[in-house]
Structures are given as structure tokens and as C-alpha cells.
Amino acid sequence: MSNLISCVSWVKRGVAATHPHKYVLDEKELERVSALARIELEDARSELERAHEAAKKMGKGAEGDEADDSGDGEDDEDEWQAEEDDSMAVDEDHPVVESAAKTDDLSQYNLDDYDDDVKEEDVGPFSNIKGLTYYRDNADDPYITLKEDEEDAEREEMEILPTDNLLVTAKTEDDVSQLEIYVYDESQENLYVHHDLMLPNFPLCLEWLDFAPASSSSMQADGQAKFGNYVAVGTLDPEIEIWSLDVVESMYPDMVLGRPDKTAAHVPVPAGTGKKKRKKTKHRPISDAHHVDAVLGLSWNKMHRHMLASASADRTVKLWDLSRAPLADADGSGESAAAIRSFNIHKDKVQAVQWNEKEPTVLLSGSYDRTVRVFDSRAPDTGVGALVGADVEALRWDPWESHAFYVSLENGLVLNFDTRTLPTDLKAPSPSRFTVSAHDGAVSALDVSPLLRGCIVTGGTDKLVKVWNVDQADHGKPSVSMVASRDLEIGKVFSAVFSPDDPLTIAAAGSKAKLQIWDVAANFGARKAFASKLAEAGKVVKEKEGGGLVGLVSDDEDSEDGNDEDNS
């Protein structure tokens, strides 16, 4: 598996804790983790028992270099005896010569060396250095009054200022998947990795949320839901993991939605019979309580903060209530958090899902069956939809028009629809308001600016990130123009997201496992194109040096810059 970043998510300024705390595995946390991870613990215990039984049958307690020697013990004793005899023979070749008897009674006074010079002790400023006491830690030295506090130094190093943004990336490198949490200081144009969290499988989607899950340690401590800093992660596994971004070195997520042992998702399904004519891969039986395949999309409801929607390769969309604590299974095997609703409205993998911010009960979903559906979660059968002609890559509601949304497709097109004109029957014609031929290849990234009306960004497999300006006309179709296009050197673009605080700042990542921050306002043409909209929104942008591109500076680049300065 190649190195890549599959998804990026912003965290608004002032949300993250100023001083993130370290993960503490106390008895209460261990009890919570053991209940959530009972599946893995039971599987590991059974595998260990099988290994011990196999070792006993083979007559060995270990394998490899740690295994006991299978040779006969008597032979080993003979070898040791032979080696001992050899050593004795060597000693016999060199008999010990006894010292000659002392014939002089005054020899004990060493009179023969009496006239030799006696070596005097060194005299100097460091002559008594042997009498000094060395302390390995300065904290133990009573003569050092200015003590170094390692905790204070580490606390200052991990501090997150209210003017800092956090960025969460779903990164896979050398077959190891993790969440990398970056700190971005816009005023200093500084980007660095703050900490990371290990993931069990390849991550596919991220969704930030501020609702503390019912099974999280913060909920147990406070007993009530509060505003927090969390991220939901969808992977190739059918579970959804929710991690706290204010906890460093965390070992286990705050909440896990779904149970693979209940859905048999861990059991491989044969793709065919082994004959020349292969059959299609069989779909696992769909469950209303859990996903049974990879989670491809997530959306958090900002109005009903305890609600989370998920889209999966099992062709379903599910709703989860984060305020409900996981319930213990009847057989006592562990705890499980089940979905409260499940919608079977698509015939193929559901690639993306999103809540409508203005109408918080309405969902938008897009699928590989080449359809998009808009439906009320309270009455899904009364929804509307459209045929789009290609696999859906991404979709977004327009935050400036509650009835409009964008869809990006595998064939390089971006479509804009008005839900008021969409039919309930997919066989009926459903024309889009306008179509943009955005990229040569799949448009895998799409986002709409929450701060500037009619500003959208797209990213594609052609390695380009493009910014578009959509001007709404009083009558007729809106006019769409490309404002900026740039190769950010991140490979194929998998994610491009607008900053929630800066109107023209974009975070993008892709197949090169590299995160880049692009301030589009550094482009004079972009500032001119959005001048009226920036003034209307009350936003002021300043021209910056360096082309507006900020990336992670490696240690090698730092050393090269230092050498260049020395040479100059």
C-alpha cells in the first residue's frame, strides 16, 4: 500500500484545549476499554491458547533461537568435560613457579629504591577534583538553585494557542495508518505535527464534532454532555471510531460504533469458485444495527449535536445517537453501540452523506449507483433524487442556499442541483442548474467556502487544485469562472477543504502523503475576483510572501537552509 493522506479536517480556532492532557490508563479506563475491546481480547486469548497447545504437541516450549536444544544431555556433558580437560592441560603446560625464599630480612623496607625520586602529588586548580560529587540530575544538586522543570518545558512545547488551528489528517505510511494532528499558526505561517494517534485499519473519511460521546472518559467524569474536541473516523473496518483530540498518546478511542463480530465483517467472503468464469463478489447480509462493510462517509449534525450519519460500502446510510451509552450484550461478551436508523435507498456503495445545516433533519447522499438522493430522515420514502451519469466522488450542500447542493463525479464534472426541481421518480428527467468540466479525471475533492458566497474548491486525480467563483444571476443560469489553479505537489488530490476561519485558505493532501496549506489570497487575480465578496463579508486579506503556500518543513530542509545561511 502506497503512502498517502486520504482525508483532511479543520478544527476551528479556540476549540482545542490549551494544554492537552496525557492519556491515563487507570482502573476505570481499563474497565471501559476492556468492555469495548472484548472482541479483540477474546480473539487474542484464543489464538494464544491454540499456540500453546500446538507447542505442547510438538514437544517444544518455544520456537527459533529461544527453543530448547533437542540434543542428548549426556553428549553435552561430555563436551563440557572435554573442554574442562583441555583447560586443565593448558594449565599443566605452564607450571606455577614458586617465589624464591627471602634471604634478606631488610627487603621489606625496599632499601634498593631508597634514593629514587618520590612522585609528588599534583598541585593546581583542579588537583582536588576527585573530591567533587557528581550528580546525574541537576535537581539532586543542592548547589544549583535554578532547577529545570521538565514538565513545564513539555507543557509549553505542547501548548496550543487560541490563535492556532488544528488540522487532522488520515495518513497511511508503510502500511501503518494513523491520525496526524497538525498545528497551523496563520500569523507566522508555521505548520508542524503536534501528536498522532494509531489506527487499526486504512482510514477513509473524517468528521470533526464537538459532542462528547456517552462512553468517553470526559462523560464519565462530568456525567453530562459538553462541548469538546473530537473526530470520527471511518476505515475499511465496519466500525466508526471517535477519538478525543485533546488527549495525547491515547491508546483506545472514546467510543466505537458497531461490532464486527455481530456482522461477521471479519470473515472473508470468497470472490468466486476458482474456475475461469468468476462470479461477482457476494454482499454480506445487511444489518440494521451495524455496518457490515467499510465506512466511506461521515456527517455530524451541527443542530442536533448528538446525531451522526454514516455512509458505507454495504449500500446503507445509518444514524447514530452519540448520547446513548453502549449496552452490554445479553451473552456478556462485551458492549455494543447500535445504530438507531438504517436507510436502504441505494443499490450500490454509498460514497458520501451530509446533513443540511439549515434543515437539520434532511440528508443528502451519493452512491456508486450513479444517483444522488435527498430525503428527510423522518420519512425517507418521500425523498427526491437525480441520475448523474457517473460514480459520485463527493458532495456538498451550499451553505448559502439551503435548497442547493454540489456533486463531483468520476468523469471530471461538477454538477449543481436545486432540490425544489428534483423528481421523486429517478426515471424522470432531472437536469442540473449548471455543469462545470472541472478536471481531466475524477474530481475526488470538493468543498464550498463557509465565509465567501459562491466560492468553491475542487481537486482531482490530475494533481490540480482549482478555485471557482460562482456569480448568481438574477435571471438565468449562474456564471462560473475559474479563479486559480495550482499543482500543490501533493500528487493526486484526495482532499481539499476550506478553513473555517480564513476565507481563502485551503488545506489539501493526496497520494504523496503530504499536507499543504494554500492561501489563495496571495494570488492578485484571486483577490481581485473576490474583492466585492470579501468586502461584503467584512473580510480583509493581506498579500503574503512565498506564494501563499505553507507546508511541513522537514529536518533535512532545516539543515539545508542553515547551511545556505552559513555559506552566504
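What you see as residue numbers is a count from 1 along each chain, following the sequence as written. Reporting in this predicted model follows two pLDDT cut-offs: at least 70 for local features of residues, and 80 or more for side-chain atom pairs to be given and counted; totals over whole chains, interfaces and linings ignore these cut-offs and use all residues. Only heavy atoms go into the side-chain values, all of them from the structure, while hydrogens and water stay out.

Asks: Just checking my understanding: could you explain the pairing of strand 25 (residues 445-448) for this structure?
Replies: Working note: regular strand, side chains alternate between the two faces of the sheet. A two-sided burial pattern is seen for strand 25, the buried positions comprising Ala-445 and Asp-447 on one face and Leu-446 and Val-448 on the other. The pairing of strand 25 with strand 26 (residues 455-459) spans 4 bridges and is antiparallel. Pairing of Asp-447 across the sheet is with Val-457, part of strand 26. Between any two strands, pairing holds if DSSP finds at least two bridges. A helix here means a DSSP run of H or I that spans at least four residues, while a strand means a run of E at least two residues long, and both kinds are numbered starting from the N terminus. Hairpin connection from strand 25 to strand 26: 6 residues lie between these consecutive antiparallel strands, with Gly-454 at a positive phi of about 75°. Burial classification: accessible surface area is computed with a 1.4 Å probe over protein chains only, and a residue below 20% of its type maximum counts as buried, one above 50% as exposed, and the rest as partly exposed.

Asks: Quick question: what am I supposed to make of the environment of Ser-367 here?
Replies: Checked against the element boundaries, Ser-367 lands in strand 18 (residues 362-367). Judged by its relative accessible area of 0%, Ser-367 is buried. C-alpha separation for the pair Ser-367 and Val-388, spaced 21 residues apart in sequence, amounts to 10.0 Å. We call two residues in contact when some of their heavy atoms are within 4.5 Å. When near neighbours in sequence (up to four residues on either side) are disregarded, Ser-367 contacts His-346, Asp-348, Lys-349, Val-350, Gln-351, Asp-391 and Val-392. Distance and chemistry together define a polar contact, namely a pair of N or O atoms within 3.5 Å, with one atom able to donate a hydrogen and the other to accept it when in protein, and with adjacent residues in sequence counting only for side-chain atoms on both sides. Within the structure, Ser-367 has its side chain in polar contact with the backbone oxygen of Asp-348 (distance 3.2 Å). At a separation of 2.7 Å, a polar atom in the side chain of Ser-367 contacts the main-chain carbonyl oxygen of Lys-349.

Asks: Hey, could you run me through the side chain of Lys-318 in this one?
Replies: As for its position among the elements, Lys-318 is in strand 13 (residues 317-321). Lys and Arg are tallied as positive, Asp and Glu as negative. Neither His nor the chain termini are counted. Here, a salt bridge means any Lys or Arg side-chain nitrogen found within 4 Å of an Asp or Glu carboxyl oxygen. One buried charge, Lys-318, has no salt-bridge partner; the nearest side chain with opposite charge is Asp-314, at 4.2 Å. Polar contacts involving the side chain of Lys-318 include one to the side chain of Thr-316, which spans 2.9 Å.

Asks: Quick question: what am I supposed to make of the pattern of salt bridges here?
Replies: Should their charged atoms come close, side chains of opposite charge can pair. All told, the structure shown has 13 salt bridges when counted by the stated rule. One salt-bridge network, held together by shared partners, links Lys-171, Glu-173 and Glu-180.

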